[in-house]
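# Observations on chain architecture
Each chain, written out:
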Amino acid sequence: MSQVEFVSEVCRKSGTSLLLDLTHLYITAQNTGVDAMVMLKEFPLERVVEIHLSGISVEGGTHWDCHASPIPEPVLQMLAYARTGRNVRAVTLEYNWMLGLELPQVAEQIERVRAILYGEAPRD
């Protein structure tokens, strides 16, 4: 049983809602050689009520989540698809306090996420 099949079955049997960490889904796909969008399209998006986003680092060929770097473009593209689940009530950008990610970068990421979620043009 794949990870997506397992999560789908748990949702079906329990009726639970989900927090979907899109970055972790992307990382899992990268580390296992699976297409992240294929995984996402099979995911029970109708159960997702919250989405988490963060950056990524790669060490020794292995992808890890990194709360001190910008959200990568593929994850933002996944967000555009995942928001179609229509039950999403919250999106959390996960950043730790680090000098490597400056406030203007964080603000830019927030604006980009807002534009994806609400179909808005980025604010100046």
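Because the structure is a prediction, the values reported are computed rather than measured. (Residues numbered from 1 in each chain as written. Predicted model: local features only at pLDDT ≥ 70, side-chain atom pairs only at ≥ 80, totals over all residues. Heavy atoms only, no water.)

### Brief notes about the pattern of salt bridges
One pass over the structure, following the stated rule, counts 4 salt bridges. A salt bridge links Glu 9 to Lys 13, with the shortest nitrogen-to-oxygen separation between them at 3.6 Å. Of this pair, Glu 9 and Lys 13 both sit in helix H1 (residues 3-14), 4 residues apart, which is roughly one turn of the helix. On the basis of relative accessibility, which here comes to 65%, the residue Lys 13 falls in the exposed class. Taking the shortest distance from any N to any O, the salt bridge between Arg 114 and Glu 111 comes out at 2.8 Å. With a gap of 3 residues between them, Arg 114 and Glu 111 both fall in helix H5 (residues 103-118), about one helical turn apart. Because the salt bridges share partners, they merge into one network encompassing Glu 9, Arg 12 and Lys 13. (Salt bridge = Lys/Arg side-chain N within 4 Å of Asp/Glu carboxyl O. Helix = DSSP H or I, 4+ residues; strand = E, 2+ residues; numbered from the N terminus. Buried < 20%, exposed > 50% of the residue type's maximum accessible area, 1.4 Å probe, protein only.)

### Considering the nonpolar core
Formed by 27 residues in total, the largest nonpolar core has its most connected members in Leu 20, Leu 22, Leu 40, Phe 43 and Leu 53. The contacts of Leu 22, once residues within four sequence positions are left out, are Leu 40, Ile 51, His 52, Leu 53, Val 75, Met 78, Leu 79 and Ala 82. (Core = buried A, V, L, I, M, F, W, Y, C linked by side-chain atoms within 4.5 Å. Contact = heavy atoms within 4.5 Å.)

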